[in-house]
Amino acid sequence: MRSHGLKGEVTISLDLEAPADWENLKSIFVEKKSQLVPYFIEGISVRNDKAFIKLEDVNTAEHAALLKGGSLYLPKDSRPKLAKGEFYSEEVIGFEVFDDAHGPLGFVEDVEQAGPNRFLILSYIQKEVMIPVSGPFIKSINRTKKTVHVSLPEGFLDI
């Protein structure tokens, strides 16, 4: 997030998980000093992979500049529902990962984006394992049981 113009507008870059219906979004949260601060949206326009947002009570370029670099979060109810088998990155953190051959592998510690690819990050026998989200590895995700079922090829965990 960075300031835009003289009237307190901010510019944000939209990521792959951003909702398609930005124009109807009413509020956002901005992370400031490890806390999420709510802001109501007065106006928004989207151009390509950028959104220009006028936030309520942010009326000067200086005030908008204070928000620069802050992470932006959306209310969960404003995000679009995903297709079966898809998930938002933060919702699987803490889920336990089970493999067909090896049984329990550990817990998802993070989900990292590397270019167009996402990876589940976990520790298995004291080493970091990166499991690609796309491709044949993830068989199912159970949100109720907080588990991820994978089928890793032979030797994958030895790399």
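Peer 1: Looking at this model, I keep getting lost on the nonpolar core. Mind explaining?
Peer 2: Leu120, Ile131 and Val148 are the most contacted members of the largest nonpolar core, which has 21 residues in total. Per-element accounting of this core gives the leading share, three residues, to strand 10 (residues 117-124). Filtering out sequence-adjacent residues up to four positions away, Ile131 remains in contact with Val97, Arg118, Phe119, Leu120, Leu122, Phe137, Val150, Leu152 and Phe156.

Peer 1: In this structure, what is going on with the sheet that holds strand 13 (residues 147-150)? I would like to understand it.
Peer 2: The strands making up a sheet are joined through hydrogen bonds of the backbone, oriented either antiparallel or parallel. Across the sheet, four strands lie side by side as 8-7-13-12; this open sheet has mixed pairing. Of all the strands in the sheet, just strand 8 (103-107) and strand 12 (138-142) have a single pairing partner and so form its edges. Put simply, the sheet's adjacent strands are angled 20 degrees from each other on average, direction ignored. The pairing of strand 12 with strand 13 spans four bridges and is classified as antiparallel. For Ile138, the partnering residue across the bridge sits in strand 13 and is Val150.

Peer 1: Is there a simple way to think about the pattern of salt bridges in this case?
Peer 2: Pairing is possible between side chains of opposite charge, provided their charged atoms come close. By the definition in use, this model includes two salt bridges. Among the ionic pairs, Lys54 bridges to Glu42, the shortest N-O distance being 3.8 Å. On the criterion of sequence distance, the pair formed by Lys54 in strand 5 (residues 50-55) and Glu42 in strand 4 (residues 35-47) is long-range, its members being 12 residues apart. Using a relative accessible area of 14% as the deciding quantity, one classes Lys54 as buried. Here Glu91 ties to Arg143 by a salt bridge, and the two come within 3.0 Å at their closest N and O atoms. With Glu91 in the loop between strand 6 (72-73) and strand 7 (96-99) and Arg143 in the loop between strand 12 and strand 13, this residue pair connects regions lying 52 residues apart in the sequence. Its relative accessible area of 25% is what places Glu91 among the partly exposed residues. Exposure remark for Arg143: the relative accessible area of 40% places this residue in the partly exposed category.

The rules behind these values
- Residues numbered from 1 in each chain as written.
- Predicted model: local features only at pLDDT ≥ 70, side-chain atom pairs only at ≥ 80, totals over all residues.
- Heavy atoms only, no water.
- Core = buried A, V, L, I, M, F, W, Y, C linked by side-chain atoms within 4.5 Å.
- Buried < 20%, exposed > 50% of the residue type's maximum accessible area, 1.4 Å probe, protein only.
- Helix = DSSP H or I, 4+ residues; strand = E, 2+ residues; numbered from the N terminus.
- Contact = heavy atoms within 4.5 Å.
- Pairing = 2+ DSSP bridges.
- Axes fitted to C-alpha atoms, helices over the stretch in contact; angles between N-to-C directions.
- Salt bridge = Lys/Arg side-chain N within 4 Å of Asp/Glu carboxyl O.

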